[in-house]
Amino acid sequence: MAIYSATKFAVRALTEALDTEWQDDGIKVRSIMPSFIDTPLLAGPANAVTNHSKRDIVVRAGLEFTPVEQVAEAAWEAVHGSRIHVLVGKTAKRMGFAAKWAPGYLRKRARGLLKSRQGL
C-alpha cells in the first residue's frame, strides 16, 4: 500500500509541476483518477494468506467499479478542460472528498480494511 500510495502522489506532483512548466508553451498536463476498474490486475490474490481476489475485497468493501467508457470520457474532458486532476467514479469522488475534509477518518477506514483483509 505504501508504494502504491507514494506512486499516486508522485504522479499528482509531476502532473502539477509539468503543467506549470509547460504552460507558456501552450501545453496542458492533466491526470485522471478513476476508482476501481475491473481489470485482470484485480484477479490476483489479495495477500499471501488468502485465495480471495483483490476484486472480492473491492466488492466486500462496498466499492464500485468504474466503467472503462466513463474513464475514456473523463480523459477526453480532462484534455479539453481546466481542472488538473479529474476524479472519475463514485469511489474516487468520495475518497477525494474524505482526503480533503476527513483525512483521519480515511486512514482509520483504510486500517480497518487492511485488518479485515487479513482475516479472509
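Throughout this description, residue numbers start from 1 for each chain and increase along the sequence as written. At least 70 in pLDDT is required for a residue's local features to be given in this predicted model, at least 80 for side-chain atom pairs to be given and counted, and no such filter applies to totals for whole chains, interfaces and linings, which use all residues. Side-chain measures here rest on the full set of heavy atoms in the structure, leaving out hydrogens and waters.

What follows deals with the overall build of the protein chain. Of regular secondary structure, the protein chain possesses 5 helices and 2 strands. Under the scheme used here, helices are H or I runs from DSSP no shorter than 4 residues and strands are E runs no shorter than 2 residues, and both carry numbers assigned from the N terminus. For the protein chain, the sequential pattern of α-helices and β-strands runs α-β-α-α-β-α-α. Throughout this description, buried means an accessible area under 20% of the type-specific maximum (1.4 Å probe, protein chains only), exposed means over 50%, and partly exposed covers the range between. Burial status across the protein chain gives 22% buried among its 120 residues. Partitioning the contacts of the protein chain with sequence separation of at least 6, the portion at a separation of at least 24 is 58%. In this description, accessible areas are obtained by the Shrake-Rupley approach with a 1.4 Å probe, and a residue is regarded as covered only by the protein chains that are shown. Just so you have it, the protein chain exposes about 8,700 Å², and 62% of that area is on carbon and sulfur atoms. Here the protein chain contributes 18 positive and 11 negative side-chain charges, whose respective centroids are spaced 14 Å apart. By the convention used here, residues are in contact when the closest approach between their heavy atoms is within 4.5 Å. Positive charges are assigned to Lys and Arg, negative charges to Asp and Glu, while His and the chain termini are left out of the count. Throughout, a charge is located at the NZ atom of Lys, the CZ atom of Arg, the CG atom of Asp or the CD atom of Glu.

Our focus in this paragraph is a positive patch on the surface. In this scheme, patches are assembled from residues that exceed 30% relative accessible area and form no salt bridge. Like charges are connected within 9 Å, while nonpolar side chains (Val, Leu, Ile, Met, Phe, Trp, Tyr) are connected within 5 Å. By salt bridge we mean one thing: a side-chain nitrogen of Lys or Arg within 4 Å of a carboxyl oxygen of Asp or Glu. Judged by side-chain charge, Arg107, Lys108, Arg111 and Lys115 come together as a positively charged surface patch. When you line up the elements, Arg111 lands in helix H5 (residues 103–118).

For the rest of this paragraph, the subject is the pattern of salt bridges. Applying the stated criterion across every chain yields a total of 2 salt bridges. Between Asp19 and Arg30 there is a salt bridge, with the nearest N and O atoms lying 2.9 Å from each other. Remark: Arg30 occurs in the loop between helix H1 (2–22) and strand S1 (31–34) and Asp19 occurs in helix H1; sequence separation between them is 11 residues. Residue Asp19 is classed as buried on the basis of its relative accessible area of 13%.

Mapped onto the secondary structure, Glu64 falls in the loop between helix H2 (54–60) and helix H3 (68–80). Distance in space between the C-alpha atoms of Glu64 and Asp38 is 9.4 Å, their sequence separation being 26 residues. In this structure, Glu64 is in contact with Ser35, Phe36, Gly89, Lys90 and Thr91, ignoring residues within four places of it in sequence. A distance of 3.0 Å separates a polar atom in the side chain of Glu64 from the backbone nitrogen of Lys90. Contacts described as polar in this section are N or O atom pairs within 3.5 Å, which, within protein, must combine one atom able to donate a hydrogen with one able to accept it, while residues neighboring in sequence count only if both atoms come from side chains.

The space that makes up the largest pocket amounts to roughly 2,000 Å³. What lines the largest pocket is a set of 43 residues, and nearest its centre among them are Tyr4, Ser5, Lys8, Phe36 and Met95. Only H1, S1, H2, strand S2 (85–88), helix H4 (90–101) and H5 provide two or more residues apiece to the lining of the largest pocket. A cavity here means a set of 1 Å grid points, computed over protein atoms only, where a 1.4 Å probe fits but cannot escape. A pocket is an open set with protein on both sides within 12 Å along at least 5 of 7 lines, and lining residues have an atom within 4 Å of a point. Grid points are joined across faces, edges and corners, and a volume is the space filled by probe spheres set on the points.

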